[in-house]
Amino acid sequence: MTDTMRTMRLHASGQSLVPEAIPRPAPGRGGVQLRVLACGVCRTDLHVVDGELPDPRLPLVPGHEIVGEVTVLGEGVTGVAVGQRVGVPWLGWTCGECEPCRRGEENLCEHAEFTGYTRDGGYAEYAVADARYCFPVHDEDAQATAPLLCAGLIGYRTWRLAGGEENRKLGIYGFGAAAHILAQLARARGQRVFAFTRPGDDEAQAFARRLGAEWAGGSDEAPPEPLDAALLFAPVGDLVPAALSQVRPGGVVVSGGIHMSDIPSFPYRLLWEERSVKSVANLTRRDGEEFLALAPGVPIRTETRAYPLAEANRALDDLREGRLSGAAVLIP
């Protein structure tokens, strides 16, 4: 068995990933080594590669929607076994000691580390992860499961912060990986889904209708009825006032992205009548445990397109240019 592994690495923001063979990582105390079975390609990966998120740890192996098989246990690891299948999300480590951690808000940890951003991720044959931040995975289809580790988890947290199933009329802006998962959950909870895509994107609108949206149109259009809540997954600041204009008095707009272009100024009347705007930051282990437990019962079926590891740049380009319905997944 060789002691090296194939990777796709980022050496400078704004540049293409480079195929490289590097030493296979060994887990430290509390960590595990995984053989990567599949790694989803997330819009956050684009933000890292394109330089929209500052100060990634370079050179970097991106990727934070990892499904893998445990191959080596680090010192002190309990509750995880060699051969077990686990998922690794964006939140890779927290200190447990800062004020947010003590408040139970580990997603806001002042010293957090993030998979595929400040620690190497899953665009590789092997990866290491903190065992405490790995989720048991029971689905044998690693390709289908991978998008749940971020698109699913962030979508779930966004939905939960918007009020969950209390909302009857739910608007979703940007119908990609997160939206196509969340729409299935919302429909299973009896919610009415209204999908907003790039203007003129007939393919995405048809995709949304197929997944249960009762209305689908461009982000420059108005739905047939005012919304109770609007969830934003497209990183476009102009959508904030657009969504505010479509929610009822007392409604909420929640942005699920880690990066967004600047929000333009807008008249106070759009915010008035107790409308609110929120953002989602990262996720918590509670989010992962809850969502991965309920997903099989919905059941949530992801729609994916597989790419060989060596074609990571093509997968990123397809995501960047809007050529995907559902989610891209790398298979080493």
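What comes next concerns the included structure. Bear in mind the structure is a predicted one, so any value in this text is a computation, not a measurement.

## Notes on the overall build of the chain
Across its full length, the chain holds nine helices and 17 strands. With the C-alpha coordinates aligned to their principal axes, the bounding extent of the chain is approximately 60 × 40 × 40 Å. A buried classification covers 54% of the 332 residues belonging to the chain. Long-range pairs, those at least 24 residues apart, make up 69% of the contacts in the chain between residues at least 6 apart in sequence. Here the chain holds 33 positive side-chain charges and 43 negative ones, and the gap between their average locations is 3 Å.

## A short note on the sheet that holds strand β13 (residues 227-232)
With respect to topology, six strands assemble into an open sheet ordered β12-β11-β10-β13-β14-β15, the strand pairing being parallel. One side of each edge strand has no neighbouring strand; the edge strands of this open sheet are β12 (215-218) and β15 (276-279). Recorded for the sheet is a direction-independent mean angle of 20° between the axes of neighbouring strands. Relative to β12, strand β11 (residues 192-197) runs parallel, the two sharing four bridges.

## Focus on the nonpolar core
Counting 96 residues, the largest nonpolar core has Y123, F175 and F291 as its most contacted members. Core analysis: the next-biggest nonpolar cluster, separate from the first, contains 15 residues, F194, A234, A243 and V247 among them.

## With respect to unusual backbone geometry
Negative phi characterises most residues that are not glycine, and trans characterises most peptide bonds. The omega torsion across L58 and P59 is -10°, close enough to zero to call that bond cis. Here P59 is to be found in the loop between α1 (43-49) and β4 (65-73). The omega torsion across V298 and P299 is -15°, close enough to zero to call that bond cis. Here P299 lies in the loop between α8 (285-294) and β16 (304-308). Its identity as a non-glycine residue notwithstanding, D55 has a phi of 55°, on the positive side. Take D55: it is sitting in the loop between α1 and β4. On the basis of relative accessibility, which here comes to 69%, the residue D55 falls in the exposed class.

## A look at the packing of helix α4 (residues 151-161) against helix α5 (residues 177-188)
Where α4 contacts α5, the two axes come as close as 8 Å, and the packing angle between them is 60°. Here α4 is positioned oblique relative to α5, judged by the angle of their axes. Considering how the two elements wind past one another, α4 and α5 form a crossing that is right-handed. In this structure, α4 uses A151, G152, G155, Y156 and W159 to contact α5, whose residues at the interface are A177, A178, I181, L182 and L185.

## Concerning the packing of aromatic side chains
Counting across every chain of the model gives eight aromatic pairs. A ring pair is formed by Y173 and F196, whose centres lie 4.0 Å apart and whose planes are at 0°; its orientation type is stacked. Note that Y173 is positioned in strand β10 (residues 169-173) and F196 in strand β11, a separation of 23 residues in sequence. Note on accessibility: Y173 and F196 belong to one class, buried. Members of the aromatic cluster, each reached through a chain of ring pairs, are W90, F114 and Y117.

## A word on α4
Of all the 11 residues making up α4, nine are buried; the element is thus mostly covered by neighbouring parts of the structure. Buried within α4 we find A151, G152, L153, I154, G155, Y156, R157, T158 and W159.

## Here we look at the environment of P136
Position of P136 among the secondary structure elements: in strand β9 (residues 135-136). Considered as a pair, P136 and A293 are 157 residues apart in the sequence and their alpha carbons are 10.0 Å apart. Those residues in contact with P136 that lie beyond four places of it in its chain are Q84 and R85.

## Quick word on the packing of α4 against α8
At a minimum axis distance of 9 Å, the contact between α4 and α8 shows a crossing angle of 100°. One way to sum up the angle between α4 and α8 is to call them roughly perpendicular. Residues G152, L153, Y156, R157 and R160 of α4 lie in contact with α8, whose contacting residues are R286, D287, G288, E290, F291 and L294.

## What about the side chain of R275?
Tracing the chain through its elements places R275 in the loop between β14 (247-255) and β15. Residue classification places R275 among the buried positions, given a relative accessible area of 13%. Side-chain polar atoms of R275 contact the backbone oxygen of V247, separated by 3.0 Å. A polar contact is formed between the side chain of R275 and the side chain of E273, at a distance of 3.1 Å.

## Side note on the pattern of salt bridges
Under the definition given, this model contains 27 salt bridges. Two residues, E106 and R285, come together in a salt bridge whose shortest N-O distance is 2.7 Å. Of this pair, E106 sits in the loop between α2 (99-102) and β7 (113-114) while R285 sits in helix α8; the two residues are 179 residues apart in sequence, bridging distant segments of the chain. Under the relative-accessibility criterion, R285 is labelled partly exposed at 25%. The shortest N-O distance in the salt bridge between R132 and D130 comes to 2.9 Å. With relative accessibility at 44%, the residue R132 sits in the partly exposed group. For D130, a relative accessible area of 10% translates into the label buried.

Conventions and cut-offs
- Residues numbered from 1 in each chain as written.
- Predicted model: local features only at pLDDT ≥ 70, side-chain atom pairs only at ≥ 80, totals over all residues.
- Heavy atoms only, no water.
- Helix = DSSP H or I, 4+ residues; strand = E, 2+ residues; numbered from the N terminus.
- Buried < 20%, exposed > 50% of the residue type's maximum accessible area, 1.4 Å probe, protein only.
- Contact = heavy atoms within 4.5 Å.
- Lys, Arg positive; Asp, Glu negative; His and termini not counted.
- Charge placed at Lys NZ, Arg CZ, Asp CG, Glu CD.
- Pairing = 2+ DSSP bridges.
- Axes fitted to C-alpha atoms, helices over the stretch in contact; angles between N-to-C directions.
- Core = buried A, V, L, I, M, F, W, Y, C linked by side-chain atoms within 4.5 Å.
- Parallel < 35°, antiparallel > 145°, perpendicular 65-115°, else oblique.
- Left-handed = near helix turned anticlockwise from the far one by under 90°.
- Phe/Tyr/Trp six-rings, centres within 6.5 Å; stacked < 30°, edge-to-face > 60°.
- Polar contact = N/O pair within 3.5 Å; in protein donor to acceptor, adjacent residues only side chain to side chain.
- Salt bridge = Lys/Arg side-chain N within 4 Å of Asp/Glu carboxyl O.

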